[in-house]
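What the coordinates show
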Amino acid sequence: MAMSAVARDTIFALRRQIAKIEGTLPERLQAPAPGAPGAIPGKVRSGFSSGIAENQISNNAGGSDMTLVRRGLAVASADAFLHTGIERLDTALGGGLPKAALSEIHGLETRDAGAVAGFALSLVSLILKEKQGLPILWVGTAEIFHEAGLPYAKGLHALFGIEPEQLLFSEAPKLLDALWIAEEAARMTAFAAVILELRGSPRLLDLTATRRLHARARNAGRPLLLLRQAGAAEPTAAPVRLIVSAAPSASRETVAGPLAGSIGRPAFTIDIGKSRTALPGQFTLEWNPDEHAFAERTENSVAVVPTSQRGADPAPASGAVLAFPAVASSASGDQPSRQQHPAHRSPRRAG
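A brief report on the enclosed structure follows. Quantities reported herein were computed from a predicted structural model and do not represent experimental measurements. (Residues numbered from 1 in each chain as written. Predicted model: local features only at pLDDT ≥ 70, side-chain atom pairs only at ≥ 80, totals over all residues. Heavy atoms only, no water.)

1. Topic: unusual backbone geometry
Where we set the bar: Under the DSSP-based scheme used, a helix requires at least four consecutive residues in state H or I and a strand at least two consecutive residues in state E, with every element numbered from the N terminus.
Look at Ala-230: it is not a glycine, yet its phi comes out positive at around 50 degrees. The backbone of His-292 shows a phi angle near 55 degrees, a positive value even though the residue is not glycine. Assignment of secondary structure puts His-292 in the loop between β15 (282-288) and β16 (293-296).

Following this line, the structure appears as structure tokens:
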């Protein structure tokens with residue numbers, strides 16, 4: 001436990017050091033105590049070199065002695081971010097998902113591919129509210145689409161308000177081809193967004209490749225969503241990494257209240273693995289298919305599937321189950337016949 005805590009602190013310190021070098025992530029610094037030598041009201045000391053300018057200094061909402069110094073992308077205008085509509089999540093992400101950047105959406109296991117795709121389509125629905133009429137390009141390899149399948153065309157409009165003709169798919173034979181297609185499409189302004197879905201942690205998706213993708217998206221002013229199936233967290237140029245999994249759906253709401261045993265709106269568990277603020281967090285979001293918007297769920301009520309009404313409730317758990325009857329059993333029906341005795345059994349040795 002202690003070693004894992006040390007490793008986590010070491011990784012976090014390395015991330016902060018990278019943020020200092022790149023000048024793209026905000027940094028939380030310890031403010032000098034009041035009355036300490038060199039303490040100046042309204043100022044904060046930092047370990048930055050004199051060549052790095054501090055663009056904005058603001059006290060955090062918690063009123064603690066930590067000060068948030070924003071530089072680079074952190075001082076971008078509010079219009080530069082895609083707001084999820086969840087204030088806590090947008091605040092933890094430093095304003096929301098960057099519109100002109102590479103953003104990672106991870107599924108830790110292959111079975112999370114449906115939740116990852118559903119969350120990505122929810123973000124696409126929010127994007128299309130601003131970029132109406134432009135299509136979305138979804139790039140992947142044949143392995144990806146054969147494993148996870150393709151979105152259901154009729155469900156696109158019903159759940160996300162996306163017309164089927166707005167979602168274009170490009171199935172590449174190899175990973176190298178998929179990366180090339182995504183890189184070329186990311187530089188085009190003809191698409192509202194580009195989605196690149198990959199599996200695992202391929203060697204070709206290194207820091208250099210993600211830098212190219214991020215640069216193309218930034219120059220075109222379009223978001224590029226990188227969906228990862230069963231992918232490990234590796235160094236990339238993406239400012240944001242979200243880990244998505246399916247959350248239990250709450251009961252369906254009716255006029256009379258929650259309908260017991262029903263399944264309500266789709267829900268996602270969102271973990272912030274990497275962000276511009278380097279602040280962790282976990283959120284449970286529900287997607288409203290009628291309003292095409294997210295809502296944060298705080299209560300723990302989930303749908304429970306009722307048992308069959310044709311019979312009585314299941315009997316309580318039975319006792320220990322033995323492969324052979326107990327020695328003390330004297331019932332003739334419990335003893336196996338001579339033909340049923342296993343061949344490997346032999347008389348017990350004396351002594």
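Still more ground to cover, so stick around.
2. Description of helix α5 (residues 153-160)
Definition in use: Relative accessibility under 20% of the residue-type maximum defines a buried residue, over 50% an exposed one, and the middle range a partly exposed one, all with a 1.4 Å probe and only protein chains included. Directions from the helix axis toward the C-beta atoms define the arc. Throughout, a residue-residue contact means that at least one pair of heavy atoms, one from each residue, lies within 4.5 Å.
Among all positions of α5, only Gly-155, Leu-156 and Phe-160 are buried. Angular distribution of buried residues about the axis of α5 spans 115 degrees; they occupy a single face of the element. On its buried side, α5 packs onto α3 (113-130), β8 (167-172) and β15.

3. Here's the deal with the packing of helix α6 (residues 175-186) against helix α7 (residues 207-220)
What counts, and what does not: Axes here refer to lines fitted to C-alpha atoms; in helices the fit is confined to the stretch in contact. Angles between the N-to-C directions go from 0 to 180 degrees. Small angles under 35 degrees read as roughly parallel and large ones over 145 as roughly antiparallel, with 65 to 115 read as roughly perpendicular and the rest as oblique. Throughout this entry, Asp, Glu, Lys and Arg are counted as charged residues, while Ala, Val, Leu, Ile, Met, Phe, Trp, Tyr, Cys and Pro are counted as nonpolar. The remaining residues, Gly among them, count as polar.
One can describe the packing of α6 onto α7 by two numbers: an axis separation of 8 Å at closest approach and a directional angle of 20 degrees. Here α6 lies roughly parallel to α7, going by the angle between them. On the side of α6, the interface is formed by Leu-179, Ala-182, Glu-183 and Ala-186, while α7 contributes Arg-212, Leu-213, Arg-216, Ala-217 and Ala-220. Across the contact of α6 with α7, the residue classes tally to six nonpolar, no polar and three charged.

4. Regarding the nonpolar core
Cut-off, in case you're wondering: In these notes, a set of buried Ala, Val, Leu, Ile, Met, Phe, Trp, Tyr and Cys residues joined through side-chain atoms within 4.5 Å is what counts as a nonpolar core.
Judged by nonpolar contacts, the single largest core of 41 residues is most densely connected at Phe-119, Leu-123 and Phe-294. Residue contributions to this core peak at 11 residues, all from α3. Dropping the residues within four chain positions of it, Leu-123 is found in contact with Leu-82, Leu-97, Ile-105, Leu-225 and Phe-294. Core analysis: the next-biggest nonpolar cluster, separate from the first, contains 19 residues, Leu-102, Ala-172, Leu-196 and Leu-198 among them.

5. Side note on the side chain of Ser-170
Relative to the helices and strands, Ser-170 resides in strand β8. For Ser-170, a relative accessible area of 16% gives the class buried. Beyond its immediate stretch of four places on either side in the chain, Ser-170 contacts Leu-137, Trp-138, Val-139, Gly-140, Phe-145 and Ile-181.

6. Describing the pattern of salt bridges
When the charged atoms of two side chains lie near each other, side chains of opposite charge can form a pair. Applicable threshold: We define a salt bridge as a contact between a side-chain nitrogen of Lys or Arg and a carboxyl oxygen of Asp or Glu at a distance within 4 Å.
Per the counting criterion, the structure on display carries 11 salt bridges. With its nearest N and O atoms 3.6 Å apart, the salt bridge here joins Lys-99 to Asp-79. Residue Lys-99 is found in the loop between β5 (97-98) and β6 (102-107), and its partner Asp-79 is found in the loop between β3 (66-70) and β4 (81-82); the two are separated by 20 residues along the sequence. Glu-184 is the salt-bridge partner of Arg-187, the closest N and O atoms lying 3.5 Å from each other. On the basis of relative accessible area, Arg-187 is assigned to the partly exposed category, the value being 42%. Among the residues examined, Glu-184 registers a relative accessible area of 28% and is labelled partly exposed. Salt bridges here are not isolated pairs; linked through shared partners, they connect Asp-79, Lys-99 and Glu-130.

7. A look at the sheet that holds strand β10 (residues 224-229)
In plain terms, the rule: Only when DSSP finds a minimum of two bridges between them are two strands counted as paired.
The nine strands are arranged β8-β7-β9-β10-β6-β11-β14-β15-β16 in an open sheet whose pairing can be described as mixed. Edge positions in the sheet fall to β8 and β16, since each of these pairs with one other strand and no more. Neighbour-to-neighbour, the strand axes of the sheet open up by a mean angle of 30 degrees, direction not taken into account. Taken strand by strand, α7 contacts β6, β9 (193-199) and β10, and its axis lies near 125 degrees from that of β6.

8. Description of the pairing of strand β11 (residues 240-247)
When β6 meets β11, the two strands line up parallel, connected through four bridges. Residue Ile-105 lies in a different strand from β11, and its bridge partner there is Leu-242. Summarising the sheet, β11 and strand β14 (residues 267-274) pair through seven bridges and their orientation is antiparallel. Following the sheet pairing, Ile-243 is matched in β14 by Asp-271.

9. Section: the packing of aromatic side chains
Put simply, the rule is: Two rings from Phe, Tyr or Trp (for Trp, the six-membered ring) form a pair when their centres sit within 6.5 Å of each other. Planes less than 30 degrees apart are called stacked, planes more than 60 degrees apart edge-to-face, and all others tilted.
Per the stated rule, a full pass over the model turns up six aromatic pairs. Judged by centre distance (5.0 Å) and plane angle (70 degrees), the ring pair of Trp-287 and Phe-294 falls under edge-to-face. The exposure class assigned to Trp-287 is buried, which follows from its relative accessible area of 1%. For Phe-294, a relative accessible area of 7% translates into the label buried.

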